[in-house]
Amino acid sequence: MLALRGFKHSARAVRYSHTLALLETSGSSITPASLSTITAAKAINKPITALLVGPNAPEAAKEVASLAGIQKVVIQSDKRYEHYLPEQLAPLVASLIKGEKSPAVTDISSVVVPASAMGKSVLPRAGAILDLQPISDITKVVDASTFVRPTYAGNAILTVKSNDNIVMTSIRGSAFSPAVEKSDAAAPIEEITPVDAEVKTVWVSESLMKSDKPDLASAKIVVSGGRALKDKKTFEALLNPLASKLGAAIGASRVAVDEGFCDNSLQVGQTGKIIAPDLYIAVGISGAIQHLAGMKDSRVIVAINKDEEAPIFKVADVGLVGDIFEIVPELTSKI
């Protein structure tokens, strides 16, 4: 059990009793990881105030307001928050926690965010502003101040207790089911004012990979390739037909990404996406500990590799030892 230092904010801190959930949008909807974050927030067993930011916030807020457990939705739709720049967003989150933004939001004792790129960037900065110690990547809520999280690439599991009066956590989306239950009455929605932070970071541009495949983070079936696929052309020629027949997302090991076989947004592992699909098919992936950390919670794992001593077989439910260039086309043809 690890105890973290306390947070001396004010005398009223002991009366804090709500959970603030910072949620992320994709278009006019919130992300699957954010739906899982709501489930984790409900397990803390306190009324939930949801925070959404950016131009899509007003539309997405309608979806959030209809979910069970949400007591209030606050939004800030200024364009400065469109890309979740942490230097912009962290001061807003900190200001809301301190009760400076809305008279109706003055009793925050828990803060939850998705363990996405956004959450991992914003939470530590907000914690630094408030002198709080966040707990990252939790997989289970024990109570309002006690959580379970993995460490050492998932090879050890910690139960962590925070002594802070305001407990900040990021939620591993694959560990919690998405919130779907609707409320009888929609929660109220309130627009708050932005925070004029001194920020030297500016948004320049982004280049997004477009694909007709399901999103890797939320796909029920994932087909992943590793070093053994040799090059980009072979990677696509071998995996795309199988993924198309299965309606699966494409994933990759870090080596495959580093070698340029595919875009880095497809990386599965400790430094990539952490997923838990119903079916994970690992093609030519040896199973380094960093990769296993990103997929070993999958419901069914199928490994195809010519090396029968490959570590991937230790976590696989089904193992096929043989030439991937023979097995995968045959498997594809029989589906």
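Computed from a predicted structure; not experimentally measured.

1. Describing the overall build of the protein chain
A count of helices and strands for the protein chain gives eight helices and 18 strands. Computed over C-alpha atoms, the radius of gyration of the protein chain comes to 21 Å, within 12% of the 20 Å expected from 2.2 N^0.38 for 335 residues, which places it in the range of a compact globule. By the burial criterion, 49% of the 335 residues in the protein chain qualify as buried. Restricting the contact set of the protein chain to residue pairs at least 6 apart, pairs at least 24 apart contribute 68%. Looking at the protein chain as shown, the accessible area adds up to about 15800 Å², and 50% of this sits on carbon and sulfur atoms. Of the side chains in the protein chain, 35 bear a positive and 35 a negative charge, and the two mean positions are spaced by 3 Å.

2. What about the layout of surface pockets?
Here the second largest pocket defines a volume of roughly 490 Å³. In terms of lining, the second largest pocket is formed by 26 residues, of which the most central are Arg227, Ala228, Gly284, Ile285 and Ser286. Listed by contribution, the elements that provide at least two residues to the lining of the second largest pocket are α6 (254-258), α7 (289-295) and α8 (324-334). The class makeup of the residues in the lining of the second largest pocket is eight nonpolar, 13 polar and five charged.

3. Section: the sheet that holds strand β15 (residues 249-252)
Taking strand neighbours across the sheet as the criterion, the five strands line up as β15-β14-β16-β17-β18 in an open arrangement whose pairing is parallel. This sheet does not close on itself; its edge strands, each paired only once, are β15 and β18 (318-321). With direction set aside, neighbouring strand axes in the sheet form an average angle of 15°. As defined by bridge partners, strand β17 (residues 300-305) adjoins β18 across four bridges and the pair is classed as parallel. Pairing of Ala303 across the sheet is with Gly319, part of β18. Taken strand by strand, α8 contacts β16 (279-283), β17 and β18, and its axis lies near 135° from that of β17.

4. Some words on the packing of helix α5 (residues 232-246) against α8
At a closest axis distance of 9 Å, the pairing of α5 and α8 adopts a crossing angle of 25°. One element, α5, and the other, α8, form an angle in the roughly parallel class. Every pair of crossing elements has a handedness; the one defined by α5 and α8 is left-handed. Where α5 abuts α8, its residues Thr234, Leu238, Pro241, Leu242 and Lys245 lie against Ile324, Phe325, Val328, Pro329, Leu331, Thr332 and Ser333. Here the contact of α5 with α8 is composed, by residue class, of eight nonpolar, three polar and one charged.

5. As for the pairing of strand β12 (residues 167-171)
Counting buried positions over the five residues of β12 gives five, a clear majority of the element. Side chains of β12 alternate between two faces, with Val167, Thr169 and Ile171 and Met168 and Ser170 buried alike. Relative to β12, strand β7 (residues 108-114) runs parallel, the two sharing five bridges. Directly across from Ser110, in β12, lies its bridge partner Val167. Examined bridge by bridge, strand β8 (residues 135-138) and β12 share two bridges and lie parallel to one another. If you follow Ile135 over to β12, its bridge partner there is Thr169.

6. Section: the side chain of Ser170
Within the fold, Ser170 resides in strand β12. Judged by relative accessible area, Ser170 falls into the buried class, the value being 3%. One polar contact links the side chain of Ser170 to the main-chain amide nitrogen of Asp137, over a distance of 2.7 Å. When neighbours within four sequence positions are excluded, Ser170 is seen to be in contact with Val113, Pro114, Ala115, Leu123, Ile135, Ser136, Asp137 and Ile138.

7. Describing the domain arrangement of the protein chain
Entries for the protein chain in the domain assignment read domain 1 (18-191) and domain 2 (221-334). Taken over C-alpha atoms, the centre of domain 1 sits 32 Å from the centre of domain 2. Taking both partners together, domain 1 and domain 2 bury about 590 Å²; carbon and sulfur atoms supply 48% of that area. Considering only the side of domain 1, the residues that lose the most area to domain 2 are Ala153, Arg172 and Ser174, jointly responsible for 71% of the buried surface there. Grouping the constituent residues of the side of domain 1 that touches domain 2 by class yields two nonpolar, three polar and two charged.

Calculation notes
Residues numbered from 1 in each chain as written. Predicted model: local features only at pLDDT ≥ 70, side-chain atom pairs only at ≥ 80, totals over all residues. Heavy atoms only, no water. Helix = DSSP H or I, 4+ residues; strand = E, 2+ residues; numbered from the N terminus. Rg over C-alpha atoms; globule rule 2.2 N^0.38 Å. Buried < 20%, exposed > 50% of the residue type's maximum accessible area, 1.4 Å probe, protein only. Contact = heavy atoms within 4.5 Å. Areas by Shrake-Rupley, 256 points an atom, 1.4 Å probe, with all protein chains shown as cover. Lys, Arg positive; Asp, Glu negative; His and termini not counted. Charge placed at Lys NZ, Arg CZ, Asp CG, Glu CD. 1 Å grid on protein atoms, 1.4 Å probe; cavity = no way out; pocket = protein on both sides within 12 Å on 5 of 7 lines; lining within 4 Å. Points joined across faces, edges and corners; volume = space filled by probe spheres on them. Nonpolar A, V, L, I, M, F, W, Y, C, P; charged D, E, K, R; others polar. Pairing = 2+ DSSP bridges. Axes fitted to C-alpha atoms, helices over the stretch in contact; angles between N-to-C directions. Parallel < 35°, antiparallel > 145°, perpendicular 65-115°, else oblique. Left-handed = near helix turned anticlockwise from the far one by under 90°. Polar contact = N/O pair within 3.5 Å; in protein donor to acceptor, adjacent residues only side chain to side chain. Domains from an automatic or database assignment. Buried area = accessible area lost by both parts, 1.4 Å probe.

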